[in-house]
Amino acid sequence: MITLITGATSGIGEQLAKQYASAGDTVIACGRNQDKLNALAQFDNITACQFDATEIQQIRLATAAYPNLDRVILNAGNCEYVDDARNFDSSLFTRVVTTNLLSMGYCLEVLLPKIKAGGQLVLVSSSVTYLPLPRSEAYGASKAGVSYLAKSLAIDLNDIDVTLVHPGFVKTPLTDKNDFPMPMAVTAEKAADYIIKGVAKRRKEVHFPYRFTLILKCLRILPLPLWLKLAKGLTR
């Protein structure tokens, strides 16, 4: 099996690359940081592929040597929070939406034709899409777009299975910057385990940790005015 993974130089993507390679897959580990990619390429079965996912020509050139893929996992992403919604920062918003959502479109244009019939496409979103949360105007909007994109693709792609991933809090260098509690957070290794098992079963949605994501799904049933009142209390 040939598995291509974006955002493979850190966190969930790095662990996915290592675990798939350990299981015998040929892994194409993609990312921007060449030094980190070189370190990954020291592992058996991992090949480094350097590109910026927000630049379609870089994606096209870097992946030209890989015409036949069994599995593509679009995992690259970033998170920045809106600290002052009244003075909205459109530059921050653009950065986050470009990295998390528009890059998916660039990758899909280049990589979808490379996936074999019967192959798999995996899009990593976030459980933030279940409910509007404080300071998440940019991150949440971008990930909501990813979730809708994956669900639509699951309808229209007849010869490729699509899996949408909704992680809860995962301990990674990205979330190390968070200045708030992260209930029920799991390690990147555990997150990779959840994803690999769900993808192997060709599930349409993989969400974890289950207790946390099920709580969010239950809260989603609340009338919006009630949830907004509760969410405002989180910011105090």
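In short, a report on the structure. (Residues numbered from 1 in each chain as written. Predicted model: local features only at pLDDT ≥ 70, side-chain atom pairs only at ≥ 80, totals over all residues. Heavy atoms only, no water.)

## Focus on the nonpolar core
Residues Val72, Leu74, Leu111 and Leu121 are the most contacted members of the largest nonpolar core, which totals 27 residues. The set of elements that each furnish at least two residues to this core consists of β2 (26–31), β4 (69–74), α4 (90–111), β5 (115–124), α5 (137–156) and β6 (161–167). The biggest single contributor to this core is α4, with five residues. Residues in contact with Val72, not counting those within four places in the same chain, are Leu4, Leu111, Ile115, Gln120, Leu121 and Val122. Ranked by size, the runner-up nonpolar core spans 26 residues in total, among them Ile5, Ala29, Val122 and Val206. (Core = buried A, V, L, I, M, F, W, Y, C linked by side-chain atoms within 4.5 Å. Buried < 20%, exposed > 50% of the residue type's maximum accessible area, 1.4 Å probe, protein only. Helix = DSSP H or I, 4+ residues; strand = E, 2+ residues; numbered from the N terminus. Contact = heavy atoms within 4.5 Å.)

## Some remarks on the pairing of β6
Counting buried residues along β6, six of its seven residues qualify, which places the element largely inside the surrounding structure. Inspection of the sheet shows β5 paired to β6 by five bridges, in the parallel sense. The residue bridging Leu123 from the neighbouring strand is Leu164, located in β6. Inspection of the sheet shows β6 paired to strand β9 (residues 205–208) by four bridges, in the parallel sense. The residue bridging Val165 from the neighbouring strand is Val206, located in β9. (Pairing = 2+ DSSP bridges.)

## Notes on the side chain of Ser126
On the secondary structure map, Ser126 appears in the loop between β5 and α5. Among the polar contacts made by the side chain of Ser126, one reaches the main-chain amide nitrogen of Val128 at a distance of 3.1 Å. Excluding its chain neighbours within four sequence positions, the residues that come into contact with Ser126 are Tyr139, Lys143, Val165, His166 and Pro167. (Polar contact = N/O pair within 3.5 Å; in protein donor to acceptor, adjacent residues only side chain to side chain.)

## So, the environment of Gln15
Locating Gln15 in the fold gives a position in helix α1 (residues 11–22). Separated by 176 residues in the primary sequence, Gln15 and Ala191 have C-alpha atoms spaced 8.5 Å apart. Apart from the residues within four sequence positions on either side, Gln15 is in contact with Ala188, Glu189 and Ala192.

## A closer look at the environment of Leu61
Checked against the element boundaries, Leu61 lands in helix α3 (residues 56–62). For the pair formed by Leu61 and Val110, sequence separation is 49 residues and the distance between their alpha carbons is 9.6 Å.

## Describing the packing of α1 against helix α6 (residues 188–200)
Where α1 meets α6, the axes come as close as 8 Å, and the angle between the chain directions of the two elements is 60°. The orientation of α1 with respect to α6, classified from their angle, is oblique. Considering how the two elements wind past one another, α1 and α6 form a crossing that is right-handed. Each of Gly11, Ile12, Gln15, Leu16, Gln19 and Tyr20 in α1 lies in contact with α6, whose residues at this interface are Ala188, Glu189, Ala191, Ala192, Asp193, Ile195, Ile196 and Val199. Within the contact of α1 with α6, the residues separate by chemical class into nine nonpolar, three polar and two charged. (Axes fitted to C-alpha atoms, helices over the stretch in contact; angles between N-to-C directions. Parallel < 35°, antiparallel > 145°, perpendicular 65-115°, else oblique. Left-handed = near helix turned anticlockwise from the far one by under 90°. Nonpolar A, V, L, I, M, F, W, Y, C, P; charged D, E, K, R; others polar.)

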